[in-house]
Amino acid sequence: MARVLVTGSADGLGQMVARELIEQGHEVVLHARNARRADDAVAALPKAAGVVIGDLSSIDETRGIARQANDSGRFDVVVHNAAVGYQEPRVETVDGLEHVFAVNSLAPYLLTALIERPDRLVYLSSGMHESGDVVLDDLQWVRRRWSGSRAYSDSKLHDVILAFAVARRWPAVLSNAVDPGWVPTRMGGRGAPGDLGQAHLTQVWLATAPSTPSGGYYYHLRPHATHPAAADPEVQDAFLEACGALTGVPFPG
């Protein structure tokens, strides 16, 4: 039995991942951005071991999530599932950061840096990451003309960069990224063509299979091509440094 934290598990793919893990007999802690959503999450998955609460758009609240997680005991696995979508307007967070980057990119970095190191990390990316750009001098979309879809693509590329950087920096940790496909969730939309029944299975496999690789990007249980920048150690290190500067939390050695 593994002890697993799944972020963004009040609904959607995160809830599907959490439900499957619970049904397999694992101890699962949920995450929701506020108390109301936490109540909904627990009502949907009453056999969950608990829930941590905090808004990932806030650096302070994300730190709080990490504290709650650590106070509850060490996790074997953390699944970084939470995200906002590709049709978002440009909104600044309480920290003055562009919110797609803050939730999709910076929050997984900060949780990775602050939560006691687990055995496995799974980061939810997207096929849209392949059209993302690494623009480390304009992560907040101040200089560039705003595009919600491009901002989302960039953020999902960041997640692959982070997964690969962790695999390289922490060789004892199995760290991978996942494309769940374009599926009909609240974020994906009703018209999404993908198979919702398959969308959560790769995350569950990477979280629990007896022997899994590290430093990979997967789609429906199979390795998949990824953006070439994701495997560049210089890009990885520059991204970690940028996130460390924004949060005041350098990536642990």
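Being a predicted model, the structure only gives us computed values, none of them experimental. (Residues numbered from 1 in each chain as written. Predicted model: local features only at pLDDT ≥ 70, side-chain atom pairs only at ≥ 80, totals over all residues. Heavy atoms only, no water.)

**Quick notes on the side chain of threonine 202**
Stage number 1. When you line up the elements, threonine 202 lands in helix α6 (residues 201-208).
Stage number 2. Residue threonine 202 is classed as buried on the basis of its relative accessible area of 2%.
Stage number 3. Here the side chain of threonine 202 touches leucine 221 through a polar contact of 2.9 Å, landing on its backbone nitrogen. (Helix = DSSP H or I, 4+ residues; strand = E, 2+ residues; numbered from the N terminus. Buried < 20%, exposed > 50% of the residue type's maximum accessible area, 1.4 Å probe, protein only. Polar contact = N/O pair within 3.5 Å; in protein donor to acceptor, adjacent residues only side chain to side chain.)

**Description of the pattern of salt bridges**
Stage number 1. Following the criterion strictly, the structure yields twelve salt bridges and no others.
Stage number 2. Across the pair aspartate 119 and arginine 74 runs a salt bridge whose closest N-O atoms are separated by 2.8 Å. Residue aspartate 119 is located in the loop between α4 (99-114) and β5 (120-124), and its partner arginine 74 is located in the loop between α3 (59-72) and β4 (77-80); the two are separated by 45 residues in the primary sequence.
Stage number 3. Overall, the relative accessible area of 36% leaves aspartate 119 in the partly exposed class. (Salt bridge = Lys/Arg side-chain N within 4 Å of Asp/Glu carboxyl O.)

**Regarding the packing of α4 against helix α7 (residues 233-247)**
Stage number 1. Following both chains from N to C, one finds α4 and α7 inclined at 95°, their axes separated by 10 Å at the closest point. The angle between the axes of α4 and α7 places the two elements in the roughly perpendicular class. Counting all contacts with α4, which are made through Phe101, Ser105, Leu106, Tyr109 and Leu110, the residues of α7 involved are Phe239, Leu240, Cys243, Gly244, Leu246 and Thr247.
Stage number 2. Looking at the contact of α4 with α7 residue by residue, the classes come out as eight nonpolar, three polar and no charged. (Axes fitted to C-alpha atoms, helices over the stretch in contact; angles between N-to-C directions. Parallel < 35°, antiparallel > 145°, perpendicular 65-115°, else oblique. Contact = heavy atoms within 4.5 Å. Nonpolar A, V, L, I, M, F, W, Y, C, P; charged D, E, K, R; others polar.)

**Focus: the nonpolar core**
Stage number 1. Within the largest apolar cluster, 49 residues are counted, with the highest numbers of intra-cluster contacts made by Leu5, Leu56, Tyr109, Ile115, Leu121, Leu162 and Val166.
Stage number 2. At the level of elements, α3, α4, β5, α5 (148-169) and α7 are the ones that each hand at least two residues to this core.
Stage number 3. Ignoring any residue separated from it by four or fewer positions in sequence, one finds leucine 56 in contact with His31, Thr62, Ile65, Ala82, Ala102, Val103, Ala107 and Leu111.
Stage number 4. Listed in part, the 26 residues of the second largest apolar core include Val4, Leu45, Ala207 and Tyr218. (Core = buried A, V, L, I, M, F, W, Y, C linked by side-chain atoms within 4.5 Å.)

**As for the side chain of histidine 99**
Stage number 1. With respect to the helices and strands, the residue histidine 99 is situated in helix α4.
Stage number 2. Taking the relative accessible area as the measure of exposure, histidine 99 reaches 11% and is therefore buried.
Stage number 3. Residue contacts for histidine 99: discarding those within four places in its chain leaves Val84, Glu88, Pro89, Val91 and Thr93.

**Quick notes on unusual backbone geometry**
Stage number 1. Of note in this structure, tryptophan 141 is not a glycine but carries a positive phi near 55°.
Stage number 2. With a relative accessible area of 4%, tryptophan 141 lands in the buried category.
Stage number 3. Not every positive phi belongs to a glycine, and leucine 221 is a case in point at roughly 75°.
Stage number 4. Relative to the helices and strands, leucine 221 resides in the loop between β7 (217-219) and β8 (222-223).

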